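Spelled out from the first residue to the last, the chains are:
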Amino acid sequence: MLEIFDFSFMRHALAAGVLVSVICGVMGTLAVANRLVFLSGGIAHAAYGGIGLAFYMRWPYLPGTLGFSLLAAFTMAAVSLKARYRADTVIGAIWALGMALGILFIDLSPGYPVDLMSYLFGSILTVPGTDLWVMLATALVIALVVGAYYNDFLAFSYDEEFAQVRGIPVRRLYFLLVCLLAVAVVLTIRVVGLILVIALLTIPAFIAEKFTRSLLQMMAVACGLNILFTLIGLTLAYLYNLTAGACIILSAGAGFFIALLLEHIHKRKPSGTDVPMALSQGK
Amino acid sequence: MTSPLIQAKDLWFSYNHDNVLEAITFEIAPNDFVAMIGPNGGGKTTLLKLLLGLLVPTRGCVSILGQPPRQVSERIGYVPQHAAVNPHFPVSVLDVVLTGCLMPGIKWPRTTPIQRQRGLEALAYLGVADLADRRVGDLSGGQRQRVFIARALVGDPQILFLDEPTAGIDAEGQNELYCLLEELNSDGITIVMVSHDMLAISTHVKSVACVNRQLHYHPHPELTHEMMEMMYHHPPGQACPVELLAHGVPHRVLRRHRE
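Residues numbered from 1 in each chain as written. Chains lettered and ligands numbered in written order. Predicted model: local features only at pLDDT ≥ 70, side-chain atom pairs only at ≥ 80, totals over all residues. Heavy atoms only, no water.

### A short note on the overall build of chain A
Here is step 1: Regarding its fold elements, chain A presents 13 helices and zero strands.
Here is step 2: The buried share of chain A, taken over its 283 residues, is 54%.
Here is step 3: For chain A, long-range pairs separated by at least 24 residues make up 75% of all intrachain contacts whose partners lie at least 6 apart in sequence.
Here is step 4: Roughly 12,600 Å² of accessible area belongs to chain A as shown, and the carbon and sulfur atoms make up 70% of that amount. (Helix = DSSP H or I, 4+ residues; strand = E, 2+ residues; numbered from the N terminus. Buried < 20%, exposed > 50% of the residue type's maximum accessible area, 1.4 Å probe, protein only. Contact = heavy atoms within 4.5 Å. Areas by Shrake-Rupley, 256 points an atom, 1.4 Å probe, with all protein chains shown as cover.)

Here it is in structure tokens:
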């Protein structure tokens, strides 16, 4: 089995997978806890506009896409704060607009069209070494920021109004969270593609939420599950010559339904939940 | 006369061009125990949020201890009404309580043993120390209310604001809660409580503020017939079927139900 890592592209893929797993485990936990999953989806799809723009302007992928996604994310966040009950509508509009812009930019670009499939479904097997360093730096920045504001994020995520009364700058925290989410999403698109990015953010966090009793535990379990799903997905892709991104999401999807099933069985039992058992069976 | 602890001067608040609150001016003295009562939609919760600095008044100003509310957040304890919280949120009871001693700014993510000790003491004071490690989503409504009060108390506040603290609690629990608040008040904590439960407050609080767009402050907890009429705008003859007589001793008379 381990001979698949004799190939340098598989080692790169593994490193990228682990880094993205950690980024998505941490940010996915905060997205799920703050019900920002739809907003994350909006960022992911609007990012397509950034990919098109970067291609059209001949900018490198990361700065171009990240800039565009941050702009879209801040717009969505500002509207969500101002008119909360309209947030989903506005996010939906920006979601579609971003994708359409992306396609138009690609149409207008001269020369051979870019392989958009690799951005839709990911290109984990062709991640360049420089991107790995960018991901490592991002993972460290996210860990540092989330660590520094952990208690604020906890109070804010659990009860925003109370956090505000305690003098926590909830608006700034919200924008910081959305900004980190945009960074996480743009990096994850590289690995599993924008269609599937939501799965890595939500599924592990959703499973972890059931069996943990702190945000930190939830982040750790979500990271672990992400790494597990990525490993299974990569192995499947290698063995059966399938698209790696889709395989990773498929294994996450299987984990999702196993977790639902386990929860259902657990609820029928009279006693409380047994955390380690449930998780080890989750594999 | 001591200087007021909480002061509202000509406070107006409008939402969608409708005045929710008009020309509210009042002072709350240290160690008062105020119940804010009034009909639904009368603006009690809005007024509480203005006092807490969660909302910004359209006109006028609020000062607590001579400063804007946001400047004195560490002196304020707050117990929200049915906190709109995600019931599946993975957080232990003790960790929820400890968010009550949070201060703005970057800090080491772990809480100190002293803070945890104080958190446990606050839980013990409310008789729910045994719940400290439970997930907060697994608690009953009454247990969660106690946890939220512990969270408000752990920061050692001078003023405690509560929004409908008895909602969803049975009669026995309500009485216990009021006795607890009285005890806190006699320990020197000023209490401002939004409530619709007028029968109970007449026996426990020191003063009553009637909020229905305007505010009428009564320095004694006597519920008068005029007060009831102001609150509920019932034309004479169709008064609230539950009538109150409050001459010092709470004494309740129920009018016969009309056919």
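### A few points about the confidence of the model for chain B
Here is step 1: Summary statistics for chain B give a mean pLDDT of 80 and a share of 79% for residues scoring 70 or more.
Here is step 2: Contacts for the low-pLDDT stretch residues 234-259 of chain B, under 50 throughout, to residues beyond four places or in other chains number 26 contacts. (pLDDT = per-residue confidence, 0-100.)

### Some remarks on the interface of chain B and chain A
By a widespread convention, an interface's size corresponds to the accessible area lost as its parts come together.
Here is step 1: Contacts between chain B and chain A engage 36 residues on the former and 28 residues on the latter.
Here is step 2: Taking both sides of the interface into account, the surface hidden between chain B and chain A amounts to around 3,000 Å²; carbon and sulfur atoms contribute 57%.
Here is step 3: For chain B, the biggest contributors to the area lost against chain A are F89(B), P90(B) and L102(B); these three give 21% of the whole.
Here is step 4: Taken together, the links from chain B to chain A amount to two salt bridges.
Here is step 5: Put simply, D159(A) and R151(B) hold a salt bridge, and the shortest N to O gap is 3.0 Å.
Here is step 6: Where chain B packs against chain A, one counts 12 residue pairs in polar contact (both at pLDDT 80 or more).
Here is step 7: Looking at the side of chain B that touches chain A, the elements with two or more residues in it are helix 1 (44-52), strand 5 (76-79), helix 2 (93-98) and helix 4 (141-153) of chain B.
Here is step 8: Looking at side-chain class alone, the side of chain B that touches chain A contains 20 nonpolar, seven polar and nine charged residues. (Buried area = accessible area lost by both parts, 1.4 Å probe. Salt bridge = Lys/Arg side-chain N within 4 Å of Asp/Glu carboxyl O. Polar contact = N/O pair within 3.5 Å; in protein donor to acceptor, adjacent residues only side chain to side chain. Nonpolar A, V, L, I, M, F, W, Y, C, P; charged D, E, K, R; others polar.)

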